[in-house]
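Listed below are the residues making up each chain.
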Amino acid sequence: MKPLIFHVEAAGEFRAVELKFATEAEVRRVRAWRKATPRADAAEFAALAAKRWFYYTREGATVASLDELRAAIRRNPRAELAFLLVASAEWARRYKFLALAYCRRTWCHHLVLDFLAVRPGLMIEKQPIHGLGAGVLFSLTNIAKTLGIDTIWGEATASSAAFYEKVLRIHPVKDLFIMNRATMETVQRNNLEKLRRGDLHKP
């Protein structure tokens, strides 16, 4: 599978970011975020995501590509499967990974977003990168569409609820958010509109 591509605003320019399924070596790299300074929720989420990924791997329930995910579902339509997505970019070589999403495909063919995290301390030319979280969510809607999944759900924290409200156009978002097919279409439409306007600095 080719990496999923989305765009962010970095140092005043549109720049492409690749999102792909993580290998074991890449999961270990992500786990190192827990050493980031200053400490941040994203570092804790990365460590927890890696821990859960290794647990599911021991159970034989992780996949490392979309093709593997499809094949596992064909073998067992009620299988619960986990995967970790990592975002990277050639123009940001200082950082191995920019963001991550730990997800599960449930037995009833829903997609669960357990953790979404942007690497702590990201800066390009002394400027923050805008649009990483929204870009990951946009990519998840593409994965769901490809697999025929009509529901994505996840847990929001007190600090992330406002982000999900802006990106998903759902008000209010509390501890649980649900993206149905209409919401996914809204995310895709908003992403395309931002690209046309050159306005990725908005979440």
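A brief structural summary.

**Quick word on the environment of Leu 137**
Along the chain, the position of Leu 137 falls in helix H4 (residues 132-147). When sequence neighbours within four positions are dropped, the list of residues in contact with Leu 137 reads Leu 113, Leu 116, Phe 163, Tyr 164, Val 167, Leu 168 and Val 187.

**With respect to the packing of helix H3 (residues 66-75) against H4**
Between H3 and H4, the least distance of the axes is 12 Å, while the angle of their chain directions is 40°. The angle between H3 and H4 falls in the class oblique. In this structure, H3 meets H4 at a crossing whose hand is right-handed. Residues Leu 66, Leu 69 and Arg 70 of H3 form the contact with H4, whose own contacting residues are Ile 143, Thr 146 and Leu 147.

**Topic: the packing of aromatic side chains**
Across all of its chains, the model carries seven aromatic pairs by this definition. With centroids separated by 5.1 Å and ring planes inclined at 90°, the aromatic side chains of Trp 53 and Phe 54 adopt a geometry described as edge-to-face. Pair check on accessibility: Trp 53 and Phe 54 agree, each one buried. Through a chain of ring-to-ring contacts, three or more aromatic side chains come together here, namely Phe 45, Tyr 102 and Phe 115.

**Points about the pairing of strand S4 (residues 99-105)**
In terms of residue burial, S4 counts as a mostly covered element, since seven of its seven residues are buried. Judged by which residues are buried, S4 turns out to be covered on both faces: Ala 99, Ala 101, Cys 103 and Arg 105 on one side and Leu 100, Tyr 102 and Arg 104 on the other are all buried. Pairing geometry for S4 and strand S5 (residues 111-118), over seven bridges, is antiparallel. Of the residues in S5, the one forming a bridge with Tyr 102 is Phe 115. Counted along the chain from S4 to the antiparallel partner S5, the turn is five residues long, and its residue His 109 has a positive phi close to 65°.

Rules of the game
- Residues numbered from 1 in each chain as written.
- Predicted model: local features only at pLDDT ≥ 70, side-chain atom pairs only at ≥ 80, totals over all residues.
- Heavy atoms only, no water.
- Helix = DSSP H or I, 4+ residues; strand = E, 2+ residues; numbered from the N terminus.
- Contact = heavy atoms within 4.5 Å.
- Axes fitted to C-alpha atoms, helices over the stretch in contact; angles between N-to-C directions.
- Parallel < 35°, antiparallel > 145°, perpendicular 65-115°, else oblique.
- Left-handed = near helix turned anticlockwise from the far one by under 90°.
- Phe/Tyr/Trp six-rings, centres within 6.5 Å; stacked < 30°, edge-to-face > 60°.
- Buried < 20%, exposed > 50% of the residue type's maximum accessible area, 1.4 Å probe, protein only.
- Pairing = 2+ DSSP bridges.

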